[in-house]
2 protein chains.
Amino acid sequence: MKICLYDTTLRDGAQGPGISFTTEDKLRIIAALDDFGMHYIEAGNPGSNPKDAELFKKAANLKLKNAKLTAFGSTCRAGAAAPGDAALKKTLEAGTEIVTIFGKSGRLHVEKIIGATAAENLRIIYDSIKFISDSGKTVFFDAEHFFDGYKDDADYALSVLRTACSAGASAVILCDTNGGTLPDEIAEVTRRAAEYTALPLGIHCHDDGGLAAAGTIAAVKNGAVQVQGTVNGFGERCGTANLCVVVPNLQLKLGYECVPAENLKKLTQLARYAAEISNTAFNENAPYVGGHAFTHKAGMHIDAVNKLPSSFEHIPPSSVGNTRSTLVSEIAGRAALLNKMAQLAPNLTKDSREIKDALSLIKSYENDGYQFENAEGSLELLLLRSLGRRKMFFSVETFRLVLSEPNGGDKKAGALIKIKVDGIEEITAAEGDGPVNALDRALRKALTTFYPRLAEMKLIDFKVRVLDSGAATAAKVRVLIESSDGSRVWRTVGVSTDIIEASWNALLDSVEYKLSLDYGLFM
Amino acid sequence: MKICLYDTTLRDGAQGPGISFTTEDKLRIIAALDDFGMHYIEAGNPGSNPKDAELFKKAANLKLKNAKLTAFGSTCRAGAAAPGDAALKKTLEAGTEIVTIFGKSGRLHVEKIIGATAAENLRIIYDSIKFISDSGKTVFFDAEHFFDGYKDDADYALSVLRTACSAGASAVILCDTNGGTLPDEIAEVTRRAAEYTALPLGIHCHDDGGLAAAGTIAAVKNGAVQVQGTVNGFGERCGTANLCVVVPNLQLKLGYECVPAENLKKLTQLARYAAEISNTAFNENAPYVGGHAFTHKAGMHIDAVNKLPSSFEHIPPSSVGNTRSTLVSEIAGRAALLNKMAQLAPNLTKDSREIKDALSLIKSYENDGYQFENAEGSLELLLLRSLGRRKMFFSVETFRLVLSEPNGGDKKAGALIKIKVDGIEEITAAEGDGPVNALDRALRKALTTFYPRLAEMKLIDFKVRVLDSGAATAAKVRVLIESSDGSRVWRTVGVSTDIIEASWNALLDSVEYKLSLDYGLFM
């Protein structure tokens, strides 16, 4: 059975805390959503947001392959006619074929929030839908608070459906506006609504109870044919139903047809792209699309997945464009390491001396507080070393750090550094915001003389974790550095009781990794 | 109806990517879980992790009010007897009253992964449970892959239940090991299992399909009486059922009794505490416990919530220890601040100039990246200052840090420091593990000459957070320091792009707080 996907990342998603899209951002997201195969894209609320009016103008030039844009707006005000409503007029001017109008469907909400009578609310809904529909548009009606409204006064909630239908709406979307309805209740109420009306029903859930995806799926199983939601679950409070969860569940597990199977493989990419554009941290633990979703850490799990993938993978990762990866860690065994080593030295077996050496080296580092699961760069260097393939690109002869007292006028820290490459010494200095930044600059400045391609390299992330923090300022710290040279990204790690030493070790690994890459040592 | 909570944050949660707890961390989490009212706490796997064996030794001294600790381990190996199994022996040595043993319940998994016969697997399960049970322990049996196993061969899965029961298990936990089973299937299979066996059933879901909480709730509605999960949903891949979602749904919406209502109010605090200790970014969008869960951004929503809270709040935030906030929260903010200030200056009113000053001071600090919710010490000092009651106990005249190159023989950093108290200078020096430790020692050494009671003071925790981490080594860091003088504990904060400066500011606040306490400035 076919399900229509209605994406509201740009409207409902944009109400999420910390999210704000420029018009340019929105155009790029529309293109990605269209490419994925969304059927409807709610691009904005032109009546309440002037920037959205501009967006619709620009979006009119997009050549969409799959999606239709929709404009979102409110029903008219109590006591006023729909045709004179300025906001409604703006939704018409957006120039979309479809307009989505929201109105109340709970008697209590009508009386307490709008302060209107139950009958006046039906008039508002009727007039608003009729006005838009008479203007030649297809109207979707979002029935706000439908589930709470139904529990409170089922007859009234159903009369809202009847009103929307007779006014000419093409679909009614049942909304769990406060996000607190349990999936079983959503199933039951959706089933009753589907029995009551011939109109196609949609479902719009919020995640306040942590069950929005489950509620959405329950609605579909009970008659809803349109699914509303956002990429990554963006949205106000706890977010809106996450299409990156709902769509693969419906399609891969329940056999509904949402998008062509080929398009589903773009899901991971779409999720990362939307996170990137919205400048929010991507949730690596996200179901289906997260970087950890098919990552195996325990040795026993890695072994099991090699023998029977479904043991620890509920779907083939490739079906949503994701990939399997294995982490090497304390709990992991030799099998994971072998996978990594096999890339470097295909002839090794589980019992080779090099594997044993590497394992015991890793164990001793881990005892010192190192962790390689997020630092494959340092891990691969370590493997290179245990294969005897390491190249000494440089040595550090001396360095001095000069720090003036904090909170003084001159905030810069200074680093003086002397390195040696093939017997040739190079001494230089650099300043920075704090000692680590100064060292980073000085080291790369000195080395770039010998290795010009280091200029391509950039540190893009820096994380500090305090280990056994009970020891306070003398505690061990672990520093993780993420670096990139434009085409590749790698992570390295350093551990010490001294944060500068820990950072320095991670920094040295990062530079060595880049040089090792460029010299083809990992081939 | 009563539901037992079985927390596995320290075992299953610790397998989550990027999470690694020290023994000290684990002991603190155990205390918090116990305080919340968890019934069982799975503290570790002593057979596979030597550090966990050490943990159980230390944990034996904890006086727990609510929880019982459990040790986790695997069934014995194929073809080998349970009594000689080294790992099983270790679970016994953990000294807990309860031992949880996991084994396979899917025929396909037995054959493909263990490479044993279906009958041998039943023997393994029987012997392992019997061995542990005969040693006087209560045994919980985790039936791995139960749902997939049931779908594949229902009779075999049920024979695993029968075997566990006859071997003496006190409960069987149905595990959705690959996290892909849909809630309706979990409901159905749990119902059948509950009809089949008289043993109490538990449920253990993983979140690979994004439906772990829904699946857990479905199992409870169909007969499971023990719920397994982790705080914040920590766990391998996409995580494990999130108790911060499951528990309030069960208790507030379905009327099950998990913890006393008073304890449920500690949920938000527990979630933040666990995130902090694991040094993972707290998900502010998290249902129930997130900082955004009851935050209203749209003006229309704020208006509606004021008229009818349930319109956009599915539960009263206070029932889980959370609070409502709105963008126009300055008024609410002022009220909270007034409470704090009232303790210092009972005569102030909401409109006093001092309150306004303090508010704008706090805002400007917050813009710089400060956060006071975990640093009441720094906050109280700030309030003292805006009341004009600060006492300048000392000034720092100069300091110098001398750092030799990392990884050298002499790892000590040196700090030279000159302070002035009432016109009298004192110069001294100290060494430490890294610059911050050296500064800390030197500062307190110099001051103790004037303020002997500073000798009572000890730094007990030190945490570093990187803010806007995209800027790599020049990013801002926030340092939190926890200090104690034996009878009181306080926390202070410092922010800077320079980790040493950030630490130094937190350190200065910490010392000033202790002195202000001793001089009765907070009275």
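Just above sits the structure.
These numbers were taken from a predicted model, which means no experiment stands behind them.

About the cut-offs
- Residues numbered from 1 in each chain as written.
- Chains lettered and ligands numbered in written order.
- Predicted model: local features only at pLDDT ≥ 70, side-chain atom pairs only at ≥ 80, totals over all residues.
- Heavy atoms only, no water.
- Pairing = 2+ DSSP bridges.
- Helix = DSSP H or I, 4+ residues; strand = E, 2+ residues; numbered from the N terminus.
- Axes fitted to C-alpha atoms, helices over the stretch in contact; angles between N-to-C directions.
- Contact = heavy atoms within 4.5 Å.
- Phe/Tyr/Trp six-rings, centres within 6.5 Å; stacked < 30°, edge-to-face > 60°.
- Buried < 20%, exposed > 50% of the residue type's maximum accessible area, 1.4 Å probe, protein only.
- Salt bridge = Lys/Arg side-chain N within 4 Å of Asp/Glu carboxyl O.
- Buried area = accessible area lost by both parts, 1.4 Å probe.
- Polar contact = N/O pair within 3.5 Å; in protein donor to acceptor, adjacent residues only side chain to side chain.
- Nonpolar A, V, L, I, M, F, W, Y, C, P; charged D, E, K, R; others polar.
- Right-handed = clockwise from strand over helix to strand, strands pointing away.
- Core = buried A, V, L, I, M, F, W, Y, C linked by side-chain atoms within 4.5 Å.

### Let's talk about the sheet that holds strand β7 (residues 201–205) of chain A
All names here are of chain A. Read around the closed barrel, eight strands run β1-β2-β3-β4-β5-β6-β7-β8, paired in parallel fashion. Recorded for the sheet is a direction-independent mean angle of 25 degrees between the axes of neighbouring strands. Where strand β2 (residues 40–44) lies against strand β3 (residues 68–74), four bridges are found, and the strand directions are parallel. Residue pairing in the sheet places I41 in a bridge with L69 of β3. Sheet contacts for helix α9 (residues 212–221): β7 and β8 (224–229); angle to β7, the most-contacted strand, approximately 170 degrees.

### Concerning the packing of aromatic side chains
All names here are of chain A. Per the stated rule, a full pass over the model turns up 25 aromatic pairs over all chains. Summarising the aromatic geometry, the rings of F146 and Y150 are spaced 6.2 Å apart at their centres and angled 35 degrees between planes, so their arrangement reads as tilted. With F146 and Y150 both in helix α6 (residues 146–152) and four residues apart, the pair spans about one turn of that helix. With a relative accessible area of 11%, Y150 lands in the buried category. Seen from their ring centres, Y451 and Y519 are 6.3 Å apart, and the 80 degrees between their planes marks the pair as edge-to-face. Highlighted residues: Y451 in the loop between α17 (435–448) and β14 (458–466) and Y519 in the segment after α18 (499–518), separated in sequence by 68 residues. Y451 gets classed as buried once you look at its relative accessible area, which sits at 9%. Assessed through its relative accessible area of 44%, Y519 is described here as partly exposed. Each member of the aromatic cluster is reached from another via a ring pair, and the members are Y6, Y40 and F140.

### Observations regarding the pattern of salt bridges
The final tally for this structure, using the stated rule, is 81 salt bridges over all chains. Across the pair K58(A) and E54(A) runs a salt bridge whose closest N-O atoms are separated by 3.7 Å. Residue K58(A) and its partner E54(A) are both found in helix α2 (residues 50–59); the two are separated by four residues, about one turn of the helix. A relative accessible area of 36% means that E54(A) is categorised as partly exposed. Linking R390(B) and E512(B) is a salt bridge whose minimum nitrogen-to-oxygen distance equals 2.9 Å. Residue R390(B) is located in the loop between α16 (376–386) and β11 (395–403), and its partner E512(B) is located in helix α18 (residues 499–518); the two are separated by 122 residues in the primary sequence. On the basis of relative accessible area, R390(B) is assigned to the partly exposed category, the value being 37%. Counted as one network, the salt bridges with shared partners bring together R453(A), E456(A), D485(A), R488(A), K514(A) and D518(A).

### Here's the deal with the interface of chain B and chain A
With 102 residues of chain B in contact, the opposing surface of chain A contributes 102 residues. Between chain B and chain A the total buried area reaches about 8,200 Å² when both faces are included, carbon and sulfur atoms providing 57% of it. Where chain B meets chain A, there are two salt bridges. One salt bridge in this structure joins K221(B) and D184(A), with 2.4 Å as the shortest N-O distance. Linking chain B to chain A there are 16 residue pairs in polar contact (both at pLDDT 80 or more). Take the side of chain B that touches chain A: its biggest share by element is seven residues, from strand β14 (residues 458–466) of chain B. Residues belonging to the side of chain B that touches chain A are distributed by class as follows: 40 nonpolar, 37 polar and 25 charged. Bridge count for strand β11 (residues 395–403) of chain A against β11(B) is three bridges, and the pairing is antiparallel. Looking at the pairing, L401(A) lines up with L403(B) of β11(B).

### Here's the deal with the pairing of strand β7 (residues 201–205) of chain B
Residue and element names in this part refer to chain B. Across the five residues that make up β7, a large majority, five, are buried. One ladder, built from five bridges, connects strand β6 (residues 171–176) with β7; its direction is parallel. Among the inter-strand pairings, D176 is bridged to a residue of β7, identified as C205. Each parallel crossover has a hand, and for β6 linked through helix α8 (residues 183–196) to β7 it is right-handed. For β7 and strand β8 (residues 226–229), the ladder comprises three bridges, and the chain directions are parallel. Paired with H204 across the strands is Q228, a residue of β8. In terms of handedness, the path from β7 via helix α9 (residues 212–221) over to β8 forms a crossover that is right-handed.

### As for the nonpolar core
The biggest cluster of nonpolar side chains holds 195 residues, and the ones touching the most others in it are F141(A) and F141(B). The next biggest cluster of nonpolar side chains, apart from the first, holds 128 residues, and it includes A358(A), Y370(A), A430(B) and A475(B).

The analysis is restricted to geometry; functional conclusions fall outside its scope.
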